[in-house]
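Single-letter residue listing:
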Amino acid sequence: MTEEINRPRRHFVGIATLAVAAVQLGMTSIAQAHSASQVRIPATAPGTSTSFASLKQIHAGVLNVGYAELGAGEAPAVILLHGWPYDIHTYFDVAPLLAAAGYRVIVPYLRGYGTTRFLSPDTPRNGQQSAIAADIVALMDALGIEKAIIAGCDWGARTANIIAALWPERCKALVSVSGYLIGSREANKMPLPPGAEHAWWYQFYFATERGRAGYERNRKEFARLIWQLASPKWSFDDATFNRSAAAFENPDHVDITIHNYRWRISLADGERKYDVLEERLAKFPLIGVPTITLEGDANGAPHPEPGAYAKKFPGKYEHRLITGGIGHNLPQEAPQAFAQAVVDVDRF
């Protein structure tokens, strides 16, 4: 169910229970709750929440963005960004934890997912990295958010990286699963060792028209396979998967997905208006905002080693390995650890 921007906020099913947990921690006001050094996120089993109670819609840039919002409107903002092939339910346990800790939490569908739609049929269905980041900056403008903690995984982590690098004045702090993910088409022209190339099999599949047709026809089956490969120890059930899979029925989903992966390896053009941003990103800019990077100990998706990117974060920085069979979709598999990272990076 969706609601317009001026409708009252609603909370997750079960948020009252989490709010009680927050009070037990002594967080009786937003000001007290925001004393991040004193906040400990309560133990939370994955799947504690079931879904978002409602969504909102707002015009932002070239999109009408669907998003979930929790917490008080005047509270410090946190923006949580999902990846592919996932959706906002990556954060359906994280978001209420952060709202209970005193934050305004925004969880948007990226372009090509869920209830997010392009305002014009003539806008290119562009999946390049800077376009997605520009979407989130436009969303912040539309919501009146000057600065936020930005956190994400997969495409969402890359998007958060880009905002922190190119618009540091809008990013109070960063939480990024798998670290520094800003890409360069020029760098992507270089071949990788065979084992690494094998891990990117779907990128090469998507480079073909057969791959596009296959993804169009089998997008849910494809997503389920990626979930299993990327998080081999995550025993998600059908209900969990189906909640997210509904987001892939977006009419632009296949176009955005295919363009993203083809653009990365120079098989598709981007939009000229993003050329300046891409030129800056191709230099792999440093990220100076306070940052915590996270990695699961059972991440089956392609990802860099922490030592390869640590120097990209010259400011206040910490890396955390999350153990216990945690895979690629870390916020959904380990919500307490992810939420704690957001709270802690705010203290840096």
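Refer to the structure presented above.
Reading the values: rules and limits
Residues numbered from 1 in each chain as written. Predicted model: local features only at pLDDT ≥ 70, side-chain atom pairs only at ≥ 80, totals over all residues. Heavy atoms only, no water. Helix = DSSP H or I, 4+ residues; strand = E, 2+ residues; numbered from the N terminus. Buried < 20%, exposed > 50% of the residue type's maximum accessible area, 1.4 Å probe, protein only. Contact = heavy atoms within 4.5 Å. Areas by Shrake-Rupley, 256 points an atom, 1.4 Å probe, with all protein chains shown as cover. Salt bridge = Lys/Arg side-chain N within 4 Å of Asp/Glu carboxyl O. Expected span 1.5 Å × (residues − 1). Phe/Tyr/Trp six-rings, centres within 6.5 Å; stacked < 30°, edge-to-face > 60°. Patch = residues over 30% accessible without salt bridge, like charges linked within 9 Å, V, L, I, M, F, W, Y side chains within 5 Å. Core = buried A, V, L, I, M, F, W, Y, C linked by side-chain atoms within 4.5 Å.

What follows deals with the overall build of the chain. Helices and strands together make up the secondary structure of the chain, namely 16 helices and 10 strands. Sorting the 348 residues of the chain into buried and exposed places 57% on the buried side. Taking the intrachain contacts of the chain between residues at least 6 apart in sequence as the baseline, contacts between residues at least 24 apart amount to 80%. When the accessible surface of the chain is totalled, it reaches about 14,200 Å², and 54% of it is carbon and sulfur.

Applying the stated criterion to the full structure yields 16 salt bridges. The salt bridge involving Glu 216 is made with Arg 219; its shortest N-O contact spans 2.2 Å. Given a relative accessible area of 43%, Glu 216 falls into the partly exposed group. In this structure, Arg 320 and Glu 318 form a salt bridge, with 2.7 Å as the shortest nitrogen-oxygen distance. Linked by salt bridges that have partners in common, Glu 209, Arg 212, Asp 255 and Arg 262 make up one network.

At 3.6 residues per turn, the α-helix brings residues three or four places apart onto the same side. For helix H12 (residues 253-264), with 12 residues, the first-to-last C-alpha span of 17 Å sits near the 16 Å given by 1.5 Å per residue. Ser 266 sits one or two positions beyond H12 and adopts a positive phi of about 65°.

Glancing now at the side chain of Ser 178. By the element assignment, Ser 178 lies in the loop between strand E8 (171-177) and helix H6 (185-188). Look at Ser 178 and you get buried, because its relative accessible area is 3%. When near neighbours in sequence (up to four residues on either side) are disregarded, Ser 178 contacts Leu 294, Glu 295, Asn 299, His 303, Pro 304 and Tyr 309.

The end-to-end C-alpha separation of helix H4 (residues 129-143) is 22 Å, in line with the 21 Å expected for 15 residues at 1.5 Å each. A large share of H4 lies buried, amounting to 12 of its 15 residues. Buried within H4 are the following residues: Gln 129, Ser 130, Ala 131, Ile 132, Ala 133, Asp 135, Ile 136, Val 137, Ala 138, Leu 139, Met 140 and Leu 143. Just downstream of H4, Gly 144 is the residue with a positive phi angle, here 70°.

Applying the stated criterion to the full structure yields 29 aromatic pairs. Note on Tyr 113 and Trp 155: the rings are 6.3 Å apart at their centroids and 85° apart in plane angle, and the pair reads as edge-to-face. On the criterion of sequence distance, the pair formed by Tyr 113 in the loop between strand E5 (104-108) and strand E6 (117-118) and Trp 155 in helix H5 (residues 155-166) is long-range, its members being 42 residues apart. Since its relative accessible area comes to 0%, Tyr 113 is described here as buried. The exposure class of Trp 155 is buried, given its relative accessible area of 3%. Judged by centre distance (6.1 Å) and plane angle (70°), the ring pair of Tyr 180 and Phe 313 falls under edge-to-face. Of this pair, Tyr 180 sits in the loop between E8 and H6 while Phe 313 sits in the loop between helix H14 (306-309) and strand E10 (317-322), and the two are 133 residues apart along the sequence. In this structure an aromatic cluster arises from ring pairing among Trp 84, Tyr 113, Trp 155, Trp 200, Trp 201, Tyr 202, Tyr 205, Phe 206, Tyr 215, Phe 222, Phe 248 and Tyr 261.

Glancing now at a nonpolar patch on the surface. Together, Trp 201, Leu 225 and Leu 229 make up a nonpolar patch on the protein surface, roughly 240 Å² of accessible area in all. One can find Leu 225 in helix H10 (residues 219-230). Leu 225 sits in the partly exposed class, given a relative accessible area of 34%.

We now examine unusual backbone geometry. In this chain, Trp 84 is followed by Pro 85 through a cis amide linkage whose omega measures -5°. In this fold, Pro 85 is placed in the loop between strand E4 (77-81) and helix H3 (94-100). The backbone phi angle of Asp 154 is positive, close to 60°, even though this residue is not glycine. Tracing the backbone through its elements, the reader meets Asp 154 in the loop between strand E7 (148-152) and H5.

One finds Leu 80, Trp 84, Leu 98 and Phe 338 to be the most contacted residues of the largest nonpolar core, which totals 103 residues. Considering each element in turn, this core owes the most residues, 9 residues, to H4. Every residue in contact with Phe 338, bar those within four places of it in the chain, is listed here: Leu 80, Tyr 91, Val 94, Ala 151, Gly 152, Val 175, Val 177, Leu 294, Leu 330 and Pro 331.

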